[in-house]
Amino acid sequence: MQISYRQGTVEDILSISAGIPEFENLYAKDVYQERFDHSPKHLILVAYDEDIPVGFKAGYQKSDDGSFYSWMGAVLPAYRKQKIAKNLADQMEDWAKKEGYSSIIFKTRNYLKAMQIFGISNGFHIIDFEKREPIEQSRILLQKFL
């Protein structure tokens, strides 16, 4: 299996998202399109096994504070533990640096422990916590300076 990485489409995101068990409520195509269309810059990176999309990382410029918001990302269960998420994150960081961003920010939910560990082990720091009920639905905001 040879995984390749390149810029992808919203359709790739939708295809991958349908196979992600952790995603409780899938976003519709127009939600992605609206966020990307209303942002000065956005990026969709996709990992492919030949021509099959197996993972993605998508983000956009959310504010003018010099940060790039890594909004969504996932890898199909059959492709996990192969450093695909790490490679996608590294490529997003490289792109963000070249585009002049000073940091990357992402938000995860309290019950997604693997995402919290992934962020912290890759140099992110917890910068905020949004309490929700039940507590598992609380949001954790992380940031990494580039």
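Every value quoted in this text rests on a predicted model; they were computed, and no experiment measured them.

(A) Fine view of unusual backbone geometry. Put simply, glutamate 133 and proline 134 share a cis peptide bond, and its omega is -5°. Following the sequence through the fold, proline 134 ends up in the loop between strand 6 (125–130) and strand 7 (139–145). With a phi angle near 65°, lysine 83 is a residue other than glycine that sits in the positive phi range. Examined against the element boundaries, lysine 83 turns out to sit in the loop between strand 4 (67–75) and helix 3 (84–98).

(B) Main features of the sheet that holds strand 7. Spatial ordering of the open sheet is given by 1-2-3-4-5-7-6, a layout of seven strands whose pairing is mixed. Pairing within the sheet leaves two strands with one partner each, and these edge strands are strand 1 (3–7) and strand 6. Direction aside, the axes of adjacent strands within the sheet are offset by 25° on average. Examined bridge by bridge, strand 2 (residues 42–49) and strand 3 (residues 52–60) share eight bridges and lie antiparallel to one another. Looking at the pairing, valine 46 lines up with phenylalanine 56 of strand 3. Contacting strand 2, strand 3 and strand 4, helix 1 (residues 10–17) crosses the sheet at an angle of about 115° to strand 3. Along the sheet, helix 4 (residues 113–121) contacts strand 5 (103–109), strand 6 and strand 7; its crossing angle with strand 5, the most-contacted strand, is approximately 160°.

The rules behind the values
Residues numbered from 1 in each chain as written. Predicted model: local features only at pLDDT ≥ 70, side-chain atom pairs only at ≥ 80, totals over all residues. Heavy atoms only, no water. Helix = DSSP H or I, 4+ residues; strand = E, 2+ residues; numbered from the N terminus. Pairing = 2+ DSSP bridges. Axes fitted to C-alpha atoms, helices over the stretch in contact; angles between N-to-C directions. Contact = heavy atoms within 4.5 Å.

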